[in-house]
Amino acid sequence: MALLLSGCVGARSEKPADGYRDTLVAISSSTRFDPQSFAGEWTRLAAFGSPYTDAGCGTLRFTPLPDNEMAVQICGGGAGAAMQYAIASFGRLEAEGVDPVWVLWVAEDFGTAVLGTPSGSFGWIVNRGPRIQPDRYQAATDLLEFNGYDTSRLKRRQ
């Protein structure tokens, strides 16, 4: 499984009080991100936190939009929260007033991905369904650690 990373961010001088990662560690996003391949329904298997963590379901849907944008619907097509992001280089989703969401890693088959923020305010392991192979889950947690996340605080969805 090839892992290509690009676009490291310079270290910040302090860790946010509510953060889940050491912001002194550089963070990278994936050069492999492709909006069309990323589109569709995902299951959130594990999370550190976010406004979406309290949502009553563990699914989300990514929908590419015109003008290089991506809609993210919590609870898939259901009644959950929705956000619209501009797609920046290297799998970085940006919206005014909120932390950017970076695709830190996506598996070659686009079946598993790791999402996070440079601030460390949240991080997710998402998958195309509720089941994941143990070695793939381990690869996702290893990538979170590589990017400075404290995986002892990662909460796996039951």
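In short, a report on the structure. (Residues numbered from 1 in each chain as written. Predicted model: local features only at pLDDT ≥ 70, side-chain atom pairs only at ≥ 80, totals over all residues. Heavy atoms only, no water.)

## Quick word on the nonpolar core
Here comes step 1: Counting 24 residues, the largest nonpolar core has F38, L60, F62, L93, L115 and W124 as its most contacted members.
Here comes step 2: One finds I27, L45, V114 and Y137 within the second-largest nonpolar core, a separate group that totals 18 residues. (Core = buried A, V, L, I, M, F, W, Y, C linked by side-chain atoms within 4.5 Å. Buried < 20%, exposed > 50% of the residue type's maximum accessible area, 1.4 Å probe, protein only.)

## Notes on the pairing of strand β8 (residues 101–106)
Here comes step 1: For β8, the buried fraction is high: six of the six residues fall into the buried class.
Here comes step 2: With antiparallel pairing between neighbouring strands as the criterion, strand β7 (residues 92–94) and β8 make up a hairpin whose turn holds six residues, including G97 at a positive phi of roughly 85°.
Here comes step 3: Inspection of the sheet shows β8 paired to strand β9 (residues 112–116) by four bridges, in the antiparallel sense. Each bridged residue has a counterpart across the sheet, and for V106 the counterpart in β9 is A113.
Here comes step 4: In this structure, the hairpin formed by β8 and β9 is closed by a connection of five residues, where F110 is found at a positive phi of approximately 55°. (Helix = DSSP H or I, 4+ residues; strand = E, 2+ residues; numbered from the N terminus. Pairing = 2+ DSSP bridges.)

## Re the pairing of strand β4 (residues 59–65)
Here comes step 1: Where strand β3 (residues 40–47) lies against β4, four bridges are found, and the strand directions are antiparallel. Bridge assignment links T43 to a residue of β4, and that residue is T59.
Here comes step 2: Two strands pair when backbone bridges link them, and β4 and strand β5 (residues 69–74) are joined in this way by six bridges, in the antiparallel orientation. Counterpart to P64 in the pairing with β5 is M70.
Here comes step 3: Once β4 ends, the chain turns through three residues before running back antiparallel as β5, passing D67 with a positive phi of about 60°.

## Observations regarding the pattern of salt bridges
Where charged atoms from two side chains of opposite charge come close, those side chains can pair.
Here comes step 1: For the coordinates displayed, the defined rule picks out two salt bridges.
Here comes step 2: The partner of R61 in a salt bridge is E41, and the shortest N-O contact between them spans 2.9 Å. Of this pair, R61 sits in strand β4 while E41 is found in strand β3, placing the two residues 20 residues apart along the sequence.
Here comes step 3: When the shortest N-O distance is used, the salt bridge between D109 and R136 registers 3.0 Å. With a gap of 27 residues between them, D109 in the loop between β8 and β9 and R136 in helix α2 (residues 134–146) connect regions that are remote in the sequence. (Salt bridge = Lys/Arg side-chain N within 4 Å of Asp/Glu carboxyl O.)

## Looking at the environment of G19
Here comes step 1: By secondary structure assignment, the location of G19 is in the loop between β1 (5–6) and β2 (29–30).
Here comes step 2: Judged by relative accessible area, which is 1%, G19 ranks as buried.
Here comes step 3: Considering only alpha carbons, one finds G19 and F122, 103 residues apart in sequence, at a separation of 7.2 Å.
Here comes step 4: Apart from residues no more than four positions distant in its own chain, G19 is found in contact with S119, G120 and R153. (Contact = heavy atoms within 4.5 Å.)

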